[in-house]
Amino acid sequence: MRFYVPEWDDAVDAHYDFEHDELSSVNRSERELSYIWDIFEYDTTPIDGVLISREQVETTTRKSDRLRRHGVYDDPILAIPDWLPTISDCGAWGYKSLPFPPYDNTEMLDFYETLDVSVGVTIDHLVLGSGKDKGRLYLDERAFTDGFSKSDIPDWITDVVDLMVDEWPTEWPSYVDEYEPSIRTRESISPFTRADFEGEVDTVLSTLASDSRAVYRSDDASFRYDLTLDNAEEMYEQYQAGDYSFRLMVAIQGWDPSSYVEALESVLSIGYDYVGIGGVAGSPIHDVRKIVKSVGKSVKDFEREHTCRIDTHVFGFAKTEGFDAVGRSGMTSFDSASMLRSAWTGGDNYRLTNDERYDAIRVRYPSSRDSLHESVEKSLRGRELLVALRAYDARRSISAAVDTWCETAATIIPETREYLREHRHEDQYDQSLLQDIEEAFRDDFEYARELQASFSDALRGKLVKLLRKDSPEDPVPFAEYDELLNTAATAFSDFPRIPALIEDTEPTPLERIWTAVEDYATWIGDDDLLEDYRRTLTNRPWESCECPICSEHGIEVCIFRGNDRNRRRGFHNTRRFYDEFTDAIPKILVAVQGSAGLSRYDTIEDYLRNEEPEFWEAVHDLPVAEIGVFDAAGVREWWTETGQTVSFAPTRMRENLQKQANRYQHLFLVTPDGDVDDEIGQAVAASNCELQTFSNSTDLRREVLEACGEDYVVGDDFVPHVPQVDPTDGLNILVVDQCSGSKEFPDGAPVFDAEETLEYSREELLERDNVPEIAARDLYTGRQQKYVREAVRTLRDDGHDVSRYFISAGFGLVSETELLPPYEVTFSSMNVGEIRHRSSELNIRPDLEAVLKQGDYDVVFFTLGSDYYTSIDIDSLVRDVPADQIGVVFNRDLVNDQYDNIVSVGARTEDAKNHGTIVVGLKGVYLKNFARRVGTVDSLDPDLVETLCREVVDGPTQAALEQY
């Protein structure tokens, strides 16, 4: 799969001065900007492409004109490398509150061609739902005035209609005439008045329906859905009739899996071979899984029916917990800026892995609302802390580093005063010469950078402002300079602070820097972050990352302060995300060696269908990003044109294959004899890419699926499917049970509480006097545990292997035979935060993941209550149940439609009544039912497991089972 990052002006100053928090140039146009592709090398750049929305291109006229003039690859600022593909779309989120997209199809095709992007996307309109009871009402924001604002619209209208107010374009595209001619015919915009919204709701809406300032729809979802499909059809016709250099992707919208599948079938019938799933950005992971899985299945059905290939893209979605969905559903690409944005939005903004994140330490700039004294004091405190943090990073004396800084800072005010007396009337400060006074001061005065870094940008800015109006003919009284400098000197009189603060602390670097950070955070108002800060300082995560950003800048990446640190941390986060992404979904390149016949065909696909049909049959539906033909140009993708010339020059072939292999983990090649030139093999190996060659395409397919991961080789193909398990020779079953409040142990025995079971190990507690050793299965005597024990005994008696574990709120994950001391701890008495914290302390989730990974189970039962599900985050943990195994949960409808191998069995009060028990014991009853009845079937799937558990009669009826 390919990962695209949206282009949102995410650039940093290439030569930023971290020491003084100073930009390389006062003039923005003179700065060298670095994007993520500039900071990393070709083979380590953590993206595979760039998404460029028209909405972002047109944020400023200057940017729009520049990109239209140069294109995205030749633009002197953006300068996207030519090896990075680009996708451009309309930016539908930007106009979601308008009644229509503000562009037409011809205009967008021309826009994509002008920008010279690789892929252009059809015009879609986000499906936001149909609105409230009476639908959705769009109003032109320009028609509101101070005399009548949006808040003046009566509640009885906004209660029944979803109101969308936005500034409408000056002129709508011509296609709008077909739907709402009234909004294109207005000559001027008259303001709304109270009278426009008086009367019965239906009357008001009827009147507004023909108003040039309003659009009303009773079913807006259907309109947006149909408009998106209409655009797809029209743009395809125009694209086919034109001569465009980019590939066309179709965007589809929907509101549930079936509506997305219906839209997919519609656009596939038109002829599209690249489909983008829109509208899922920000949606819950379980909804995205269901949509992506449904679309993926339909795509694979279509590919296999027509022996064709359809690429698919997921817009605005990139979560590590969703890799299973986008990977196994065969998605080709996806995009997201979430890991980049996470660097400056909220906590846990420095990422090592999805599960290991840290909070960057906030060292704040002064506010524009601060007085000069407050600005100087904030700058001094911040500068002192930065010096201390850098000393901690370098493992140098914090006190010595601060003292050295303070000695330098003490000279700044006197040096500034002397410099200004001597130079303030020189030519470089002559405003009439149209010079940049700030830049002149920064470049000419030796201590100008330290003046800003220690004493604030506010002070330096005020001094520069005086310099601008100061002249020999009309001199500014020097007392005005003195007043500013004296304010700074007064604030500095309290420094240094840190050496005295840390003098009496423990003589460890951590405790000393912690004292400094704690003091600063408390003073600035960030004391609620102290626990997170201590974890960051203790673990020093920047030392665990080898990316060029962390290697070069060290602790600066873990300091929350300004664009040039925060965006670099975002680039780092993207790198770490990309590492997890490529681990979960290996990057695979598949190709067949071309022949001279390439020149006889227009496209690579035509060539493959006609000259390499066996290869095409074997690979056209594989879940990999790139499939094609290789020659001297390297691997050319299946959908591209063949070009005018074909060459098989060995040197060029070797160089281009090596370059492409640098960004892949696996390269699979089919050649006539199943081999390649030794030099090509050595070149690919030097790229740390595994090369495998074949003469047989069937063998290649099998090995590609093996490389994708174990889930991809289940059954006959990799498409998610319902697992079928044969129980006749005995099942391998895992039961994950929970501890119970009811426990059996000798009277008078010591009973340990929550703190003791965390502070001491199970073994340490058992060694104490008079502490009995009790097997877990004997300790827990709750109703459910009793029933589960009976079910396990029945299953074992019938020849099945059963492993039973308990999630213990006292000791974590324990097997049924492990010896425990008496204790009284339960998750039922804790809130969600406490449960998660204690679970982490007890290592429950990782231990359970290890059990799932090590055992080759046929069926896994999670007989747990809601609090215990929380302790393992069951909704994500079920992903660890392999696709060929059946997982059984209870009352977790959320996961039912997301995974083909997971079934959620209802276990609520009404169900308990049907089974003559209470809810507390129902899951145990279900397991007993399964144990007694599983021997009556010869094939087991998730739905049948549910039937065996829930059937009220003594045995499963023929009617219940005949479908199996």
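Bear in mind that the values here come from a model prediction, so they are computed numbers and not experimental data.

Brief notes about the overall build of the chain
Tallying secondary structure elements over the chain gives 40 helices and 30 strands in all. Relative to a compact globule of 964 residues, whose C-alpha radius of gyration would be 30 Å, the chain shows 33 Å and is just as compact. Taking the principal axes of its C-alpha atoms as reference, the chain extends roughly 105 × 85 × 85 Å. Here the chain, with 964 residues, has 55% of them falling under the buried criterion. Restricting to contacts in the chain with at least 6 residues of sequence separation, those with at least 24 account for 71%. Surface summary for the chain: the accessible area is close to 40700 Å², and the carbon and sulfur share equals 43%. Taken as two groups, the 98 positive and 189 negative side-chain charges of the chain have centres that lie 3 Å from each other.

A short note on the confidence of the model for the chain
When pLDDT is averaged along the chain, the result is 93; 97% of the residues meet or exceed 70. Within the model, the stretch residues 955–964 combines pLDDT values under 50 with 18 contacts to residues more than four positions away or in other chains.

Remarks on the sheet that holds strand S11 (residues 274–277)
One closed barrel accounts for eight strands, arranged S1-S4-S5-S6-S10-S11-S12-S13; its pairing is parallel. Within this sheet the neighbouring strands show an average axis-to-axis angle of 25°, counted without direction. Across the sheet, helix H22 (residues 563–584) is in contact with strand S1 (2–6) and strand S13 (333–335); its angle to S1 comes to roughly 160°.

Focus on the environment of Ser 88
With respect to the helices, strands and loops of the structure, Ser 88 is situated in strand S5 (residues 86–89). A residue is classified by how much of its surface remains accessible, and Ser 88, at 0% relative accessible area, is buried. Residues Ser 88 and Val 117, 29 residues apart in the sequence, show an inter-C-alpha distance of 6.6 Å. For Ser 88, the contacting residues outside a window of four places in its chain are Ile 52, Phe 111, Tyr 112, Val 117, Val 119, Gly 120 and Val 121.

Considering the pairing of S1
In terms of residue burial, S1 counts as a mostly covered element, since five of its five residues are buried. With burial as the criterion, each face of S1 is covered, one bearing Arg 2, Tyr 4 and Pro 6 and the other bearing Phe 3 and Val 5. As defined by bridge partners, S1 adjoins S13 across three bridges and the pair is classed as parallel. Bridge pairing in S13 places Phe 3 opposite Phe 334.

Observations concerning the pattern of salt bridges
Close approach of charged atoms lets side chains of opposite charge pair. Enumeration according to the criterion identifies 75 salt bridges in this entry. In this structure, Asp 162 and Arg 136 form a salt bridge, with 2.9 Å as the shortest nitrogen-oxygen distance. Pair noted here: Asp 162 is in strand S8 (residues 162–166) and Arg 136 is in strand S7 (residues 136–140), with a separation of 26 residues, a long-range link. A salt bridge links Glu 703 to Arg 702; its shortest N-O distance comes to 3.8 Å. Overall, the relative accessible area of 25% leaves Glu 703 in the partly exposed class. Overall, the relative accessible area of 43% leaves Arg 702 in the partly exposed class. Salt bridges sharing partners connect three or more residues here, namely Glu 19, Asp 21, Arg 383, Arg 390, Glu 450, Glu 556, Arg 561 and Arg 565.

Quick look at the state of the cysteines
Inspection of the entire model under this criterion finds zero disulfides. Of all cysteine sulfurs, the one in Cys 547 lies closest to Cys 550, which takes part in no disulfide; the gap is 3.8 Å.

Concerning the environment of Asp 427
Considering the arrangement of structural elements, one finds Asp 427 in the loop between helix H13 (398–423) and helix H14 (437–444). Looking at Asp 427, the relative accessible area reads 58%, which means it is exposed. In this view, Asp 427 contacts Leu 433 and Gln 435; residues no more than four positions away in its chain are not counted.

Looking at helix H39 (residues 942–950)
For H39, the full list of buried residues reads Pro 942, Leu 944, Val 945, Thr 947, Leu 948 and Cys 949. Residue Asp 941 occupies the N-cap position of H39, its side-chain oxygen lying 3.2 Å from the main-chain nitrogen of Asp 943.

Regarding the packing of aromatic side chains
Within the structure shown, the criterion is met by 44 aromatic pairs. Pairing Tyr 239 with Phe 246 gives two aromatic rings, centres 5.7 Å apart and planes at 50°, and the pair type is tilted. Following the ring pairs from residue to residue traces out a cluster consisting of Phe 100, Trp 168, Trp 172, Tyr 175, Tyr 179 and Phe 223. If you follow Arg 217 out to its NZ or CZ, it ends over the ring of Phe 223, 3.7 Å from the centre. In this structure, Arg 535 packs its charged tip against the face of Tyr 358, placed 4.1 Å from the ring centre.

Some words on the sheet that holds S8
Spatially, the three strands line up as an open sheet ordered S8-S7-S9, and their pairing is mixed. Each of the sheet's edge strands pairs with one partner strand only, and the pair in question is S8 and strand S9 (214–217). The average angle at which neighbouring strand axes cross in this sheet is 15°, direction not considered. Across four bridges, the pairing between S7 and S9 is antiparallel. By the bridge assignment for S9, Arg 136 is matched with Arg 217.

Observations concerning the environment of Ser 493
Summarising the element assignment, Ser 493 is placed in the loop between helix H17 (478–492) and helix H18 (498–502). Residues Ser 493 and Ala 410, 83 residues apart in the sequence, show an inter-C-alpha distance of 9.1 Å.

Re the packing of helix H4 (residues 105–115) against helix H7 (residues 220–241)
One can describe the packing of H4 onto H7 by two numbers: an axis separation of 9 Å at closest approach and a directional angle of 55°. Judged by the angle between their axes, H4 and H7 are oblique. Crossing of H4 over H7 shows right-handed handedness. Touching Asn 105, Thr 106, Met 108 and Leu 109 of H4 are Asn 231, Glu 234, Met 235, Gln 238 and Tyr 239, all from H7. Taken together, the residues that form the contact of H4 with H7 break down as four nonpolar, four polar and one charged.

Overview of helix H25 (residues 650–661)
Between its terminal C-alpha atoms H25 stretches 16 Å, which fits the 16 Å expected from 12 residues at 1.5 Å a residue. Among the residues making up H25, those that are buried are Met 653, Leu 657, Gln 660 and Ala 661. Along the axis of H25, the buried residues cluster in a sector spanning 100°; they form a single face. Where the residues of H25 are buried, they touch strand S18 (588–593), strand S19 (626–631), strand S20 (634–637), strand S21 (666–670) and helix H26 (678–685).

The rules behind each value
- Residues numbered from 1 in each chain as written.
- Predicted model: local features only at pLDDT ≥ 70, side-chain atom pairs only at ≥ 80, totals over all residues.
- Heavy atoms only, no water.
- Helix = DSSP H or I, 4+ residues; strand = E, 2+ residues; numbered from the N terminus.
- Rg over C-alpha atoms; globule rule 2.2 N^0.38 Å.
- Buried < 20%, exposed > 50% of the residue type's maximum accessible area, 1.4 Å probe, protein only.
- Contact = heavy atoms within 4.5 Å.
- Areas by Shrake-Rupley, 256 points an atom, 1.4 Å probe, with all protein chains shown as cover.
- Lys, Arg positive; Asp, Glu negative; His and termini not counted.
- Charge placed at Lys NZ, Arg CZ, Asp CG, Glu CD.
- pLDDT = per-residue confidence, 0-100.
- Pairing = 2+ DSSP bridges.
- Axes fitted to C-alpha atoms, helices over the stretch in contact; angles between N-to-C directions.
- Salt bridge = Lys/Arg side-chain N within 4 Å of Asp/Glu carboxyl O.
- Disulfide = S-S within 2.5 Å.
- Polar contact = N/O pair within 3.5 Å; in protein donor to acceptor, adjacent residues only side chain to side chain.
- Phe/Tyr/Trp six-rings, centres within 6.5 Å; stacked < 30°, edge-to-face > 60°.
- Lys NZ or Arg CZ within 6 Å of the ring centre and 35° of its normal.
- Parallel < 35°, antiparallel > 145°, perpendicular 65-115°, else oblique.
- Left-handed = near helix turned anticlockwise from the far one by under 90°.
- Nonpolar A, V, L, I, M, F, W, Y, C, P; charged D, E, K, R; others polar.
- Expected span 1.5 Å × (residues − 1).
- Arc of directions from axis to C-beta.

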